[in-house]
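Structural overview
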Amino acid sequence: MTADKQPLLDVRGLGIFFRTEAGEVQATRDVSFQLRPGERLGIVGESGCGKTVTGLSILGLLPRAQSRVEGQVLFEGRDLLTLSPRQLRAVRGRRISMIFQEPMSALDPVFTIGQQIGETLRAHRGIGKKEARERAVEALAQVGIPLPSRRVDEYPHQLSGGMRQRAMIAIALVCEPQILIADEPTTALDVTIQAQIIDLLFDLSARTGTALLFITHDLGVIAETCTRMLTMYAGEVVEDSPVDAALERPRHPYTSGLLRSIPRLSKRKTVLPSIAGRVPSPADMPTGCRFRARCVHGLAECEARQDLLDVSLDRRARCMRQAELTLPGAIA
Amino acid sequence: MLTKDRLRLVGRRLVQIAPVILLATFVVFGLQQLVPGDIAATLAGESATDARIAEIRKLYGLDRPFLVQYGSWLWGALHGDLGKSLLSGEVVLDSILRRFPTSLLIVGCALTLSLSIGIPLGILAAVRPGSRIDATVTSVASLGVALPNFWLAMLLVATFALNWNFFPATGAKPLSAGIGPALLHAALPAIALAAGGIAEVARQLRSSLVEVLSSQYVRTLHAKGLSPAAILWKHGLKNVSVNLLTVIGLIFNRLLGATVVIEAVFAIPGIGSMVVHAAIHKDFPVIQGVVLALVLIVISLNLLIDVLYTVLDPRVSQK
Ligand SMILES: Nc1ncnc2c1ncn2[C@@H]1O[C@H](COP(=O)(O)OP(=O)(O)O)[C@@H](O)[C@H]1O
Ligand code: SF4
Ligand SMILES: [Mg+2]
């Protein structure tokens, strides 16, 4: 629907490598996607598929000494991967923000919430301490924290898990960034709180026009929140599609498997994940289709390397059988 | 600073440590029961008659039951009366007060050196873990921890005092004799004591700072666009200050113990040499007085550290 707009973020051929004791391993290969202004893009995949490292690499947050990144991350006409540390700091927290899975360990335990919001503001805008504090109170109110003028002086351990994640969101959004990268922001929370945080992110994104890069292993969340989705498997993008189209008829067997393992209230608790097997580790990646060992549709030809094929104008899938297979989606 | 919460904490700690202190006094006093030989006989001298020994035993109250002796000693101690030296007859509390500043000056200098050298070294190593600086600091620190104090002390005396005459080889000067001479005398013993402290501070600070700098909240700080300098000096140091406080407490306790050896090497009239001398001559009131004083000092310092924890770490005051 937004295919006409210029992309805000254009990730091209992202390859992430880690130096380990066993030599260099490749965590992601040729990851490409675009995020348009105000869009909500979900990245889904099982644990270890490379979602987190993809998110971190956009802001240059991977451990420098142990990693190497190839490709391009184009944002506002510049490649973020080539920026100097100083230029990159001007982007972080101001143009692109990021929130993480565990709000307790992601907040500094010995500074108040207000100080942690205020210092973000002060790092990017020349304002005084007093004004920063006032803005921090407003920011807390915006993310739905009750009694913000009291909470602002509290420490992270004094807040509940859900309130902490709201505070994290307040920190991330206080400079009104164009993009918010949310890496499993609800995974560590109770189910009821999860829904509240997802609603909040959705509302804020819709209201402020902040584009959302929503990383999660839970396709159900993406189905509720996002406009586009990117399925990652074993470090590769295997499907890139509008959410509705993918829910109706996924083009990659892995997406289909994920869709069928979304827990639904109508079904009994005994529903098992419908994909047998495990994600291969970066150290021994199969040549050819990386999903082959777990795919029930595999053929001998799948041993060959699979490219992202165009399904339609705004859809791609990394499966040579994408056109011929009619895979079950979420509605089936 | 002294909020109601903190006063309550001090009160609670005092209630907790009162039995410990009482037990400590009991052990300190009980020492004399464990030492072989008759104290009265020792006091009376080699050629004393049995009658003279009995007289002395009565004079010092040594003929009373142990618990009665303990009770009267404890009662005296509570009132600041630790008795008199069996050898010199000097009031024990007076000698402690006279000699303590000398020891404290050495310990204070050693602690200052440990922190002012150990902290920068630890930070240098931690900001580039795995670098050559880190490797150097780490191996020098292991060496510093392993070196025995007295060995280093003798090496220092041989080189800087006897060979080059930079520092006096022995003795001490009180602060009242001027800061310069006092520090000059304290320098070598303090350096000998500080080697281990520097190494310990550098090591502990390095490991806790490395942990903090690789933590998730530091990643958040980077994601917010803060500079590495702001992250290190503001967030890094405040987060490791709690560990640093623990290390300071440990080092202080250890330094206090190590003065016993160091004061012997440098012939310094502090409480370390006082307790050694008293132990050799079975001068029990002095031994008991000094040990009690040391126990109280260590306990008070730990109490102070407990209060400082609540200042530095907001999570502590909640418990
Ligand atoms: N610092 C690192 N060193 C080595 N390998 C890493 C490092 N961080 C992540 N990886 C590897 O990169 C792959 C992708 O990890 P990640 O992005 O965390 O997956 P996800 O977020 O999808 O669960 C995994 O195989 C993981 O082991
Ligand atoms: S390429 Fe073959 S093995 Fe791979 S997902 Fe498609 S059908 Fe399955
Ligand atoms: Mg992850």
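A short tour of the structure in this document, coming up. Because the structure is predicted, anything quoted here is derived from the model rather than measured.

Working definition: the strands of a sheet are paired by backbone hydrogen bonds and lie parallel or antiparallel to each other. All names here are of chain A. Pairing within the open sheet is antiparallel, and its four strands lie in the order β2-β1-β4-β5. The sheet terminates laterally at β2 (23-35) and β5 (78-79), the two strands that pair on one side only. Sheet topology places strand β1 (residues 9-20) next to strand β4 (residues 67-75); eight bridges connect them, and they run antiparallel. What sits directly across from F18, in β4, is S67. Running at roughly 110° to β1, helix α1 (residues 51-58) makes contact with β1, β2 and β4 of the sheet.

Next up on the list: the site of ligand 1. Residues and elements named next belong to chain A. Residues in close proximity to ligand 1 include F18, A27, E46, S47, G48, C49, G50, K51, T52, V53 and P282, which together make up its full environment. In this structure, V53 approaches ligand 1 through a main-chain N or O atom, which is 2.8 Å from an oxygen atom. Taken by itself ligand 1 offers 560 Å² of open surface, and the protein chains cover 69% of this. Considering every element that reaches the shell around ligand 1, the biggest residue donor is α1, with three residues. Considered class by class, the residues forming the shell around ligand 1 number five nonpolar, four polar and two charged.

Let us look at the interface of chain A and chain B. Between chain A and chain B, the contact holds 25 residues from the first and 21 residues from the second. Both faces combined, the contact of chain A with chain B buries some 2,100 Å², and carbon together with sulfur accounts for 61% of it. Linking chain A with chain B are two salt bridges, by the criterion used here. E119 of chain A is the salt-bridge partner of K224 of chain B, the closest N and O atoms lying 2.9 Å from each other. Linking chain A with chain B are 12 residue pairs in polar contact (both at pLDDT 80 or more). Those elements that place two or more of their residues in the side of chain A that touches chain B are β6 (96-99), α3 (103-106), α4 (113-124) and α7 (161-173) of chain A. In terms of residue count, α4 of chain A provides more of the side of chain A that touches chain B than any other element does, five residues in total. Considered class by class, the residues forming the side of chain A that touches chain B number 14 nonpolar, seven polar and four charged.

Below, the discussion takes up the site of ligand 2. Around ligand 2 sit 13 residues, and of these P253, C289, C295, C302 and C319 of chain A come closest. Of the residues assigned to the shell around ligand 2, the class counts are seven nonpolar, four polar and two charged.

For the rest of this paragraph, the subject is the side chain of E154 of chain A. Residue and element names in this part refer to chain A. Looking at the element boundaries, E154 is found in the loop between α6 (148-151) and α7. Overall, the relative accessible area of 14% leaves E154 in the buried class. The residues touching E154, leaving out its near neighbours within four places in the chain, are T112, I113 and L159.

Okay, the nonpolar core next. If you look at the biggest cluster of nonpolar residues, it comprises 97 residues, and the most contacted ones within it are L9, F33 and I96 of chain A. Looking at this core element by element, the count peaks at eight residues for α7 of chain A. Setting aside chain neighbours within four positions, we find L9 of chain A in contact with F33, Q34, L35, I58, V73, L74, F75, I96 and I179 of chain A. Counting 48 residues, the second-largest nonpolar core is a separate cluster that includes C109, L244, L245 and I305 of chain B.

On to the pattern of salt bridges. Residues and elements named next belong to chain A. Taken as a whole and judged by the stated rule, the model has 27 salt bridges over all chains. Two residues, R321 and E324, come together in a salt bridge whose shortest N-O distance is 3.2 Å. Exposure remark for R321: the relative accessible area of 14% places this residue in the buried category.

Its 35 residues give helix α8 (residues 179-213) of chain B an end-to-end C-alpha distance of only 40 Å, which falls more than 12% under 51 Å, the value for a rise of 1.5 Å per residue. The sharpest bend along α8 of chain B comes to roughly 40°, located at A187 of chain B, with the proline P189 of chain B sitting one to four residues further on.

Residue and element names in this part refer to chain B. The grouping of F150, W151, M154, L155 and V261 at the surface amounts to a nonpolar patch, some 480 Å² of accessible area in total. Here F150 shows up in helix α7 (residues 149-163). Given the relative accessible area of 41%, F150 is considered partly exposed.

Below, the discussion takes up the pairing of strand β7 (residues 179-183) of chain A. Residue and element names in this part refer to chain A. Of all five residues making up β7, five are buried, and the element is well covered by its neighbours. Burial of the side chains of β7 extends over both faces: I179, I181 and D183 are buried on one face and L180 and A182 on the other. Two strands pair when backbone bridges link them, and β6 and β7 are joined in this way by four bridges, in the parallel orientation. Considered in β7, the bridge of I99 is made with A182. Examined bridge by bridge, β7 and strand β8 (residues 211-216) share five bridges and lie parallel to one another. Bridge pairing in β8 places I181 opposite L213.

Residue and element names in this part refer to chain A. Pairing geometry for β4 and β5, over two bridges, is antiparallel. Bridging from a neighbouring strand, F75 pairs with R78 of β5. Counted along the chain from β4 to the antiparallel partner β5, the turn is two residues long, and its residue E76 has a positive phi close to 50°.

The next thing to look at is the sheet that holds strand β3 (residues 40-44) of chain A. All names here are of chain A. The strand order across the open sheet built from eight strands is β6-β7-β8-β3-β9-β10-β12-β11, with neighbouring strands paired in mixed fashion. Each edge of the open sheet carries a strand with a single partner, namely β6 and β11 (309-312). Taken pair by pair, the neighbouring strands of this sheet meet at an average axis angle of 20°, ignoring direction. In this sheet, strand β9 (residues 228-233) lies alongside β3 in parallel orientation, the contact comprising four bridges. By the bridge assignment for β9, G42 is matched with M229. The strands that α7 touches are β6 and β7; relative to β6, the one it contacts most, it runs at about 165°.

The next subject is the packing of helix α9 (residues 216-223) of chain B against helix α10 (residues 228-266) of chain B. All names here are of chain B. Running from N to C, α9 and α10 cross one another at 160°; their axes reach a closest spacing of 12 Å. It follows from the interaxial angle that α9 and α10 lie roughly antiparallel. Two packed elements cross with a definite hand, and for α9 against α10 that hand is right-handed. Contacts from Y217, V218, L221 and H222 in α9 reach I231, H235 and N239 in α10.

Conventions and cut-offs
- Residues numbered from 1 in each chain as written.
- Chains lettered and ligands numbered in written order.
- Predicted model: local features only at pLDDT ≥ 70, side-chain atom pairs only at ≥ 80, totals over all residues.
- Heavy atoms only, no water.
- Pairing = 2+ DSSP bridges.
- Helix = DSSP H or I, 4+ residues; strand = E, 2+ residues; numbered from the N terminus.
- Contact = heavy atoms within 4.5 Å.
- Axes fitted to C-alpha atoms, helices over the stretch in contact; angles between N-to-C directions.
- Near = heavy atom within 4 Å.
- Polar contact = N/O pair within 3.5 Å; in protein donor to acceptor, adjacent residues only side chain to side chain.
- Areas by Shrake-Rupley, 256 points an atom, 1.4 Å probe, with all protein chains shown as cover.
- Nonpolar A, V, L, I, M, F, W, Y, C, P; charged D, E, K, R; others polar.
- Buried area = accessible area lost by both parts, 1.4 Å probe.
- Salt bridge = Lys/Arg side-chain N within 4 Å of Asp/Glu carboxyl O.
- Buried < 20%, exposed > 50% of the residue type's maximum accessible area, 1.4 Å probe, protein only.
- Core = buried A, V, L, I, M, F, W, Y, C linked by side-chain atoms within 4.5 Å.
- Expected span 1.5 Å × (residues − 1).
- Bend = angle between axes of the 7 residues up to and from the residue.
- Patch = residues over 30% accessible without salt bridge, like charges linked within 9 Å, V, L, I, M, F, W, Y side chains within 5 Å.
- Parallel < 35°, antiparallel > 145°, perpendicular 65-115°, else oblique.
- Left-handed = near helix turned anticlockwise from the far one by under 90°.

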